[in-house]
Each structure stands twice: as structure tokens, then as C-alpha cells.
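Fold and geometry: a report
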Amino acid sequence: MSSLTDTYEKKYPENWVVMQNRIEQCFHKMTLDEKRLLILASPTARMIDASEKDAIEVTAEQFANECGIKVSSAYKQLEVASKNLLNRSFSYINERGKRVGVTWVIRAVYEDGYISVCFPDEVLIMLKAFDASNPFTKYKKENVLLLKGEYSIDLYHIAKKYEGMTTFQMTLEDYKLELGLPKSYNRINNLKARALEPAIDEINEKTDINITYENVKRGRTVTGLKFTVKPKAKPKKTLEEKRDPHTADMFIIDGLNDKQLGRIVRNPTFMAEYNHLVSPTSLAGQSQQGWDFEMVKRLKEDASQFGKRPIKDYLEY
């Protein structure tokens, strides 16, 4: 649904991390704190439409609270992470066929209790432009920043990318490449014990999804992994918890026909406020027809999840 992402790419809530999938390919080269810094800075870059001149601030207190670490060590960890990103680079081929080298951070300022970083255009575009030509993955900050395992964030990002498909497969070689695994992990038992099962266990314990896997074999030899990704069930609220007496009519769709519900879900404001609910790889994320079908279905099943304003207000536009 590129038209949605083109128009509303800045409308994702501030607690959502949205990144082009190209960043995932570089994650495995970064330390845990570098990944955390990039994740924390990404919503701000999107919300303010940052340029190379815009300094994005991350405080030690924010870093500590979001990542579940001590405030006393947070500033030093931030400082080290930003210095690493200043020295870390990647390259790409430009439109003239020339290789271009770029550092992840072009400037870092170390203040009292916080740091501010400036990203180059090549990094900012991966944090701001999301469409069919720039595939992306999104997830909530709180679901990823508490992960501490060496490969947990990497696997979580991959799993969220394919969540809309429920299952996906990777060859062992692709898995090792995506996570940047050393040659010592060529043995399948070593790979599972150090770079697969601990990450799955932590993701299942701390995040919004559950991951399982099974071997893909050619004969007796394991050649790949088949993953299943499922969202965790959310606890259902009672009717009294869902509604307060002052907004009792917010979720009422009684009397609305399918044509009116279709008009509601096509309202640009409705699309901007709720497009974070669908995966870009799902049918609802790929076409207007898929969006209409999925959102009307959700409205009929439980309109209370659309609580930003009274449902019927979306009829007027």
C-alpha cells in the first residue's frame, strides 16, 4: 500500500520504530548499544523530518529507562556507542556507478547528561522513506529495547519483517550472513546453542511475538530453518474497562452499513492514525482493497481498538 506509506510515513506514533530493511543488513556489525542508540533516535528523525544539520538528542536517563540499565552507566555507554558509529561506515553504488563511503554518524556532541548526534542523508533516508521501493519494518520501541542477547535484536527485526506471512524460511548460509556469525558457528549444534535458541527464548519472554522453528533438511542434513511467528494474545478487557461513561458512544457502529464502514476506513485521517496496525508485508499493507477489507473486518469484530476519536466522525471528509 505504497500510497499510504508515501503520504503518512511521518504519522507513525512516536513510540514506533520504523526502518528500511536495508538497515537490518548492517545491524549485525553493530554492538548492542549502537543498535539501541539508532533505535532510540529513529522516531525523532522521522517525526521532525531531520536533515544532516538537525542534532537528535538522547539523554542518559532516557537510554537507561528504555533499555533497563543503570543511569550511572548509561551516559558512558551512549558516548562509546556514538563514537563507534562515528567510526563505522558502509558503502553503496551511486547513480553514476561509483562507490560511495558513508559514516553512520557525521557529528556527535557530548553534553551534560545527554548526547546529540547528526546523521548523514544516506542514513536519514532509511529512517524516513517507506514505500514499495524502500521496504520497511516497524515495531514498538518497548518491544525491542529490553532485549540484551547478542543476536536477539537482529532476529526480532527479521521476525517482524515476516510477521504478516506467519512462516518464513532461511537457509543456514543466509541466517549466518544476516546475523554476521563467525565460522565457528558452521556446526549446526553450535549455531543453535549460541545464536538461535537463546535469542528465541528472550524474544518469546520479553516481546509481543512468539517464535518457533523447525529444521529444513535435504536428506539427513540440515540446510535451513523454518520459522513461525505469531503475535501474543492480548488480554481482553471487560466492556466496563473498554468504555468510560463520558465516551460511551465512541465505539458504536450500530446502524452503519458496509458502504459507510468502507468510507470510514478510507478517510485519510483514519488511515494516518491506524496504518501502524498492519504489517507492510500483509495484504492490508499492500493494496487499498486489502486495507479496506481488513479494517472493516476489524471494526465489526472490535471497534474499541479504534479509540482515537468517535468512529462516526470519520464519515465526514
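Residue positions are counted from 1 within each chain, in the order its sequence is given. Totals for whole chains, interfaces and linings use every residue, but because this is a predicted model, local features are given only for residues with pLDDT of at least 70 and side-chain atom pairs only at 80 or more, for both listing and counting. Computation of side-chain values: all heavy atoms of the structure, hydrogens and water removed.

Describing the overall build of the protein chain
What counts, and what does not: Where helices and strands are cited, they refer to DSSP runs of H or I of at least four residues and of E of at least two residues respectively, numbered from the N terminus. Throughout, radius of gyration means the C-alpha value; the globule benchmark is 2.2 Å times the number of residues raised to the power 0.38. Relative accessibility under 20% of the residue-type maximum defines a buried residue, over 50% an exposed one, and the middle range a partly exposed one, all with a 1.4 Å probe and only protein chains included. The contact criterion used throughout is that any non-hydrogen atoms of two residues lie within 4.5 Å. Note on areas: Shrake-Rupley, 1.4 Å probe, and residue coverage restricted to the protein chains presented here.
A count of helices and strands for the protein chain gives 14 helices and ten strands. The C-alpha radius of gyration computed for the protein chain amounts to 21 Å, which stays within 12% of the reference 20 Å derived for 317 residues, consistent with globular compactness. The buried share of the protein chain, reckoned over its 317 residues, is 46%. Here the analysis covers contacts within the protein chain between residues at least 6 apart in sequence; of these, 65% occur between residues at least 24 apart. Of the roughly 16600 Å² of accessible surface on the protein chain, 48% is carried by carbon and sulfur atoms.

Brief notes about the confidence of the model for the protein chain
For the record, the criterion: Confidence scores labelled pLDDT are given residue by residue by the predictor and lie between 0 and 100.
On average, the protein chain scores 85 in pLDDT, and the residues at 70 or more come to 90%. Element-level pLDDT for the protein chain is lowest in helix H1 (residues 2–8), with a mean of 39, against a maximum mean of 96 in helix H10 (residues 197–206). Scored below 50 in pLDDT, residues 1–9 shows 26 contacts in the model against residues more than four places distant or in partner chains. Across residues 239–250, confidence stays below pLDDT 50; counting only partners more than four residues off in sequence or on other chains, it has eleven contacts.

A look at the sheet that holds strand S2 (residues 56–59)
We apply this condition: Following DSSP output, two strands are said to pair if at least two bridges run between them. Between N-to-C directions, angles span 0 to 180 degrees; the directions come from axes that are lines fitted to C-alpha atoms, helices contributing only their stretch in contact.
In spatial order, the strands read S2-S6-S5; together these three strands make up an open sheet with antiparallel pairing. The open sheet has two free edges, formed respectively by S2 and strand S5 (107–110), since each of these has just one partner strand. Within the sheet, the average angular offset between the axes of one strand and its neighbour, ignoring direction, is 20 degrees. By the bridge criterion, four bridges tie S5 to strand S6 (residues 114–118) in an arrangement that is antiparallel. Counterpart to Tyr110 in the pairing with S6 is Ile115. Across the sheet, helix H4 (residues 60–67) lies against S2 and S6, angled at about 65 degrees from S2, the strand it touches most.

Looking at the pairing of strand S4 (residues 99–103)
As paired strands, strand S3 (residues 89–93) and S4 are joined by five bridges and run antiparallel to one another. Across the sheet, the residue bridging to Tyr92 is Val100, located in S4. Hairpin connection, S3 to S4: the antiparallel pair is bridged by five residues, and Gly97 has positive phi, about 80 degrees.

A look at the pattern of salt bridges
Which entries qualify depends on this criterion: The term salt bridge refers to a side-chain nitrogen of Lys or Arg lying within 4 Å of a carboxyl oxygen of Asp or Glu.
Considering all chains together, one arrives at 15 salt bridges under this definition. Between Lys141 and Glu66 there is a salt bridge, and its shortest N-O distance comes to 3.3 Å. Of this pair, Lys141 sits in the loop between strand S7 (136–140) and helix H7 (152–161) while Glu66 sits in helix H4, placing them 75 residues apart in sequence. What makes Lys141 buried here is its relative accessible area of 11%.

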